[in-house]
Amino acid sequence: MPRSERSPLLLAGLLAAAGVAHLAVPRQFDAVVPRTLPGKPRTWTYASGAAELALAAGVALPRTRKPAALAAAAFFVGVFPANVKMAVDWRNRPAPQKALAFGRLPLQIPLVLWARGIAKNTEGRA
C-alpha cells in the first residue's frame, strides 16, 4: 500500500486510539478540561472521545475522508487549550511529566497539517 494511502488510515488509528483512551480512562483527561467550559469535565472528556471515534471512522472511509479530515484539523485546533492547561498545570511536576506536557504543544501543528494534507490529497476522489 503506497504511503499516501496509508496516511489516512494511520491518522484514523491515532484518532481511534485517543477516542478509546478518553472513554476507557476518562479521569486523566478530566483534569485537563479547561474550567471555563460549562458543565462537568467528564462530559467534555466523553464528548471528545466520541468525536475522536467519529472522526476516525470518517477519515478511514474514502467517501467521507475529505470532510472528516478537515473536521479533524479543526478538532486538533479546538483541543489546543486543553494542552495549554495541561502544560500550565504540570509545570512543577517531575521533568519527564513536564516534558510530556510541554512537548504536546508543538505537536498540534503537525497534526493539523497532517489532517489538512489528507483532505487536500482527497480532492477529486469520490
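Use the structure listed above.
Draft legend 1. Representation of the overall build of the protein chain within the structure. Looking only at helices and strands, the protein chain has 6 helices and 0 strands in total. Helices and strands in the protein chain line up, N terminus first, as α-α-α-α-α-α. The globule rule puts the C-alpha radius of gyration for 126 residues at 14 Å, and the 15 Å found for the protein chain is close to it. C-alpha extents for the protein chain along the principal axes are approximately 50 × 30 × 25 Å.

Draft legend 2. Representation of the pattern of salt bridges. The full count for this structure, using the stated rule, is 2 salt bridges. With its nearest N and O atoms 2.6 Å apart, the salt bridge here joins Asp30 to Arg42. A residue pair is termed long-range when its members are at least 10 positions apart, and Asp30 in helix α2 (residues 26-30) and Arg42 in helix α3 (residues 41-60) qualify at 12 residues. The salt bridge partner of Asp89 is Lys85, with a shortest N-O separation of 2.5 Å.

Draft legend 3. Highlighting the packing of aromatic side chains. Going through the model one piece at a time under the given rule, you end up with 1 aromatic pair. With a centroid separation of 6.3 Å and an interplanar angle of 65°, the aromatic rings of Phe75 and Phe76 are classed as edge-to-face.

Draft legend 4. Main features of the packing of helix α5 (residues 80-89) against helix α6 (residues 95-121). Look at α5 against α6: their axes get within 8 Å of each other, and the N-to-C directions meet at 155°. In terms of orientation, α5 and α6 fall into the roughly antiparallel class. The element α5 and its partner α6 pack so that their crossing is left-handed. Contacts from Phe80, Asn83, Val84, Met86 and Ala87 in α5 reach Leu100, Ala101, Phe102, Arg104, Leu105 and Gln108 in α6.

Draft legend 5. Layout of the side chain of Ser48. Mapped onto the secondary structure, Ser48 falls in helix α3. In contact with Ser48, other than residues within four places in its own chain, are His22 and Phe75.

Draft legend 6. Main features of α6. Counted at 1.5 Å a residue, the expected span for α6 with its 27 residues is 39 Å, and the 39 Å between its end C-alpha atoms agrees. Along α6, the sharpest kink reaches roughly 35°, centred on Pro106. Those residues of α6 lying buried are Ala101, Leu105, Gln108, Leu111, Val112, Ala115, Ile118 and Ala119.

Draft legend 7. Fine view of the nonpolar core. One finds Leu11, Leu15, Leu55, Val59, Ala72, Phe76 and Ala115 to be the most contacted residues of the largest nonpolar core, which totals 17 residues. For this core, the leading source of residues is helix α4 (residues 65-78), giving 6 residues. With sequence-adjacent residues up to four places away left out, Ala115 is seen in contact with Leu11, Ala69, Ala72, Ala73 and Phe76.

Draft legend 8. Main features of the environment of Ala69. Along the chain, Ala69 falls in helix α4. Discounting residues that sit within four places of it in the chain, Ala69 has contacts with Val59, Ala115, Ile118 and Ala119.

Draft legend 9. Representation of α5 in the model. Within α5 the residues assigned to the buried category are Ala82, Asn83, Lys85, Met86 and Ala87. Taken together, the buried residues of α5 touch α6.

Draft legend 10. Focus on the side chain of Glu52. Within the secondary structure, Glu52 sits in helix α3. Of the buried charged residues, Glu52 lacks a salt bridge, with Arg104 as the closest side chain of opposite charge at 7.4 Å. Engagement of the side chain of Glu52 in a polar contact is seen with the backbone nitrogen of Gly19, the distance being 3.3 Å. Discounting residues that sit within four places of it in the chain, Glu52 has contacts with Leu15, Ala16, Ala18, Gly19, His22 and Phe75.

The rules behind the values
- Every chain is numbered on its own, with residues counted from 1 as its sequence reads.
- The predicted nature of this model means local features are confined to residues of pLDDT at least 70 and side-chain atom pairs, given and counted, to a pLDDT of 80 or more, with totals for whole chains, interfaces and linings taken over all residues.
- Excluding hydrogens and water, the side-chain figures rest on all heavy atoms present in the structure.
- Numbering of helices and strands runs from the N terminus; a helix is a DSSP stretch of H or I covering at least four residues, while a strand is a stretch of E covering at least two.
- Our radius of gyration looks at C-alpha atoms and nothing else; its globule reference is 2.2 Å times the residue count to the power 0.38.
- Here a salt bridge means any side-chain nitrogen of Lys or Arg lying within 4 Å of a carboxyl oxygen belonging to Asp or Glu.
- Classification of ring pairs rests on two measures: the distance between centres of Phe, Tyr or Trp rings, Trp counted by its six-membered ring, which must be within 6.5 Å, and the angle between planes, read as stacked under 30 degrees, edge-to-face over 60 and tilted in between.
- Here an axis means a line fitted to C-alpha atoms, over the contact stretch when the element is a helix, while the angle between two N-to-C directions is reported on a 0 to 180 degree scale.
- Throughout, the term roughly parallel applies to angles under 35 degrees, roughly antiparallel to angles over 145, roughly perpendicular to angles from 65 to 115, and oblique to all others.
- The crossing is said to be left-handed when, going from far helix to near helix, the turn is anticlockwise and less than a right angle, and right-handed when the turn is clockwise.
- Any two residues having at least one pair of non-hydrogen atoms within 4.5 Å are treated as being in contact.
- To estimate the expected span of a helix, count its residues, drop one, and scale the result by 1.5 Å.
- Bend angle per residue: angle between axes fitted to the 7 residues ending at that residue and the 7 residues starting there.
- Think of it in three bands: residues with accessible area under 20% of the maximum for their type are buried, residues over 50% are exposed, and the middle band is partly exposed, with areas taken using a 1.4 Å probe on protein chains only.
- To define a nonpolar core, start from buried Ala, Val, Leu, Ile, Met, Phe, Trp, Tyr and Cys residues and group those joined through side-chain atoms within 4.5 Å.
- For the purpose of counting charges, residues Lys and Arg are taken to be positive, whereas Asp and Glu are taken to be negative. His and the chain ends are not included.
- Two N or O atoms form a polar contact when they lie within 3.5 Å of each other; inside protein one atom must be a possible hydrogen donor and the other a possible acceptor, and for residues adjacent in sequence the pair counts only when both atoms belong to side chains.

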